[in-house]
Amino acid sequence: MLKRIVFVVIAMGVFSGNSQNQKFKVVLDAGHGGKDYGAVYHGNIEKNISLKTSLRVGAILANDPQIEVIYTRKTDVFIELQERANIANKSKGSIFVSMHCNANKNQAASGNETYVMGITRNASNLEVAKNENEVVTLETDYKIKYDGFDPNSPESVIGISILQEEHLDQSIELAGRVQEFFTKKTDKKNRGVKQAGFLVLRQITMPRVLVEMGFVSNKEEGAFLNSEQGQEILAEAIAGAILDYKNEFFNPYNNENTFEPSQESIVKEIQETTPEKAIETGIVFKIQIAASTKDLALTPSNFKGLAPVSVESSGKMNKYFFGLEKSYATAKQKLEIAKQKGYASAFIVAYKDGIKISLADAIK
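Keep in mind that what you see is a predicted model, and the values were worked out from it rather than measured. (Residues numbered from 1 in each chain as written. Predicted model: local features only at pLDDT ≥ 70, side-chain atom pairs only at ≥ 80, totals over all residues. Heavy atoms only, no water.)

**Some remarks on the overall build of the protein chain**
And then number 1: Within the protein chain, the regular secondary structure consists of 11 helices and 15 strands.
And then number 2: Out of the 364 residues in the protein chain, the part that is buried amounts to 51%.
And then number 3: Once local pairs closer than 6 in sequence are excluded, the contacts in the protein chain between residues at least 24 apart make up 80%.
And then number 4: In the form shown here, the protein chain has an accessible surface area of approximately 17,000 Å², with 50% of it arising from carbon and sulfur atoms. (Helix = DSSP H or I, 4+ residues; strand = E, 2+ residues; numbered from the N terminus. Buried < 20%, exposed > 50% of the residue type's maximum accessible area, 1.4 Å probe, protein only. Contact = heavy atoms within 4.5 Å. Areas by Shrake-Rupley, 256 points an atom, 1.4 Å probe, with all protein chains shown as cover.)

And the structure:
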C-alpha cells in the first residue's frame, strides 16, 4: 500500500462543557395558511389540517427536554415561502419538516409520501411540486424574488433542484423514517420517499423534508385527515420519526466535553492512506462529510485537504467519509476539523464489524 507524507495545519483544541445547553432544534412548517387555502375537497381544507397536525407534532416533541420546537406559523396566517426559509435558517435548526396534504384529479388516489429536494422528470412528482409551488403567485413580485420562477413550467421546477445535494443524505434518512412510522401507525398506502423541486425547501440550510400526509381529494382519506383522531395518529407518526432520527444523529451523550478550536495551531504530519478493512472490526467511527451523485477521486485536493477519505456507494449516491477512528473522542476532534474545513453539515456515523449501527448504541 502506497503512503506519502503531507503537511497540514490543524487547530489545537481545548475542551469545554458548553454543549450541555445544546438543543436539537426542530422547525415545523404548517403548509399554506391565511389567504392560501391549499387543496380543498369535500369540505377538507389543507391549511387547517396542516396547522392542527403541526401543533400536535410540536406538543409531542416538547416533552423531550433535548428538543426545541420552532414553528413557521402557529395560527391561520399567510407566510411567504422565503420567510419560512428565513425563520428556519435564523433559528439554526437541526431539521426542517414541512407538512402538507396531497390532492389529485383522480379522487381514488390515496396514501402518504415524503419528499426531499432533487431533480426529477417524473410526471406525478412534478405535479405535486407544481401544486405546492403555486402559492408564490399570491406573493407580490414573486418572479423577481424567485429568479423568474414559473410554477407552471416543468423546467422551473427542475431548475430549482440543481445543486441541492447538501444535506440530501440526511434528508433521505429523515424522510425514510417518516414513511416507516406512517406504516407503523396507519393502514394507509406507503407511496415512499421521492424527490422533486419545492420552493419552500430550496434555501433551507439543514436536512429538510416535505411530508404529504394523505389525499384530501380522496373522500375517505380526507375525512381521516380532517378528524382529530386522524391528526393525532399522523402527529404521533411524524413525531416518532423525528425522535428516531434525533436519537441517531443528535448524540444524547453530548453533555460530555466537546472539542472547540483555540487560536493556537501546529503543523502535524498526517499519513495519507487508504483505510484497511482489518481495522474496521469492532466499533469504529467515521465522519460523513458529503453525499453526492458525483464520483470523486479520493485525493485530499477534492476534499479541502482532508485525508484519509473513503467512499461508500448506494445506488447512484456516493457517501464520502473522513477518518476511521476507534475512539469516539478522537472522532469528535476529527468532526471539528472537518467543520473548520467548511463541511458544516458533517456528522459522525458508527459501524460494528463493518455494519452501520446507531451512534448511541456504539457509545454505549
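There is more to say, and it comes next.
**Let's talk about the packing of aromatic side chains**
And then number 1: Considering all chains together, one arrives at four aromatic pairs under this definition.
And then number 2: Considering the side-chain rings of Phe-24 and Tyr-245, the 6.3 Å spacing of their centres and the 50° angle between planes classify their relative orientation as tilted. On the criterion of sequence distance, the pair formed by Phe-24 in strand E2 (residues 24-30) and Tyr-245 in helix H9 (residues 228-249) is long-range, its members being 221 residues apart. The two residues Phe-24 and Tyr-245 agree in class, both being buried.
And then number 3: Over the face of the ring belonging to Phe-224 we find Lys-188, whose NZ or CZ atom lies 4.6 Å from the ring centre.
And then number 4: In this structure, Lys-286 packs its charged tip against the face of Tyr-351, placed 4.7 Å from the ring centre. (Phe/Tyr/Trp six-rings, centres within 6.5 Å; stacked < 30°, edge-to-face > 60°. Lys NZ or Arg CZ within 6 Å of the ring centre and 35° of its normal.)

**Notes on the nonpolar core**
And then number 1: Core analysis: the largest hydrophobic core is formed by 44 residues, its most contacted members being Val-57, Val-97, Met-213, Ile-238 and Ile-242.
And then number 2: Looking at which element gives the most residues to this core, the answer is H9, with 10 residues.
And then number 3: Sequence-distant contacts of Val-97, that is, excluding residues within four places in its chain, are made with Val-27, Leu-28, Asp-29, Leu-174, Val-209, Val-211, Ile-238 and Ile-242.
And then number 4: Counting residues in each nonpolar core, the second largest holds 19 residues, with Phe-322, Leu-335, Ile-348 and Leu-359 among its members. (Core = buried A, V, L, I, M, F, W, Y, C linked by side-chain atoms within 4.5 Å.)

**Some words on the side chain of Thr-53**
And then number 1: In this structure, Thr-53 sits in helix H1 (residues 46-61).
And then number 2: Classification of Thr-53 by relative accessible area gives buried; the value is 0%.
And then number 3: Once you skip the residues sitting within four places of it in the chain, Thr-53 turns out to touch Met-99, Met-213, Gln-231, Leu-234 and Ala-235.

**Focus on the packing of H1 against H9**
And then number 1: Closest axis-to-axis distance for the H1/H9 pair is 8 Å, and the angle between their directions is 50°. The angle between the axes of H1 and H9 places the two elements in the oblique class. Regarding H1 and H9, the two cross each other, and that crossing is right-handed. Along its contact with H1, which presents Ile-49, Lys-52, Thr-53, Arg-56, Val-57, Ile-60 and Leu-61, the element H9 presents Glu-228, Gln-231, Glu-232, Leu-234, Ala-235, Glu-236, Ile-238, Ala-239, Ile-242 and Leu-243. (Axes fitted to C-alpha atoms, helices over the stretch in contact; angles between N-to-C directions. Parallel < 35°, antiparallel > 145°, perpendicular 65-115°, else oblique. Left-handed = near helix turned anticlockwise from the far one by under 90°.)

**Describing unusual backbone geometry**
One can expect most non-glycine residues to show negative phi and most peptide bonds to be in trans.
And then number 1: The amide bond that connects Ala-307 to the next residue, Pro-308, takes the cis arrangement and shows omega of -5°.
And then number 2: Within the fold, Pro-308 resides in the loop between strand E11 (283-292) and strand E12 (309-314).
And then number 3: Phi is positive for Lys-92, which is not a glycine, with a value near 55°.
And then number 4: Taking the relative accessible area as the measure of exposure, Lys-92 reaches 68% and is therefore exposed.
And then number 5: Backbone geometry places Asp-353, a non-glycine residue, at a positive phi of 50°.

**Observations concerning the confidence of the model for the protein chain**
And then number 1: With 68% of its residues at a pLDDT of at least 70, the protein chain reaches an overall mean of 76.
And then number 2: Here strand E10 (residues 258-272) stands out as the element of the protein chain with the lowest mean pLDDT, 31, in contrast to H1, whose mean of 98 is the highest.
And then number 3: Every residue in residues 119-126 scores below 50 in pLDDT, and together they form 17 contacts with partners more than four places removed in sequence or on other chains.
And then number 4: Every residue in residues 153-164 scores below 50 in pLDDT, and together they form 29 contacts with partners more than four places removed in sequence or on other chains. (pLDDT = per-residue confidence, 0-100.)

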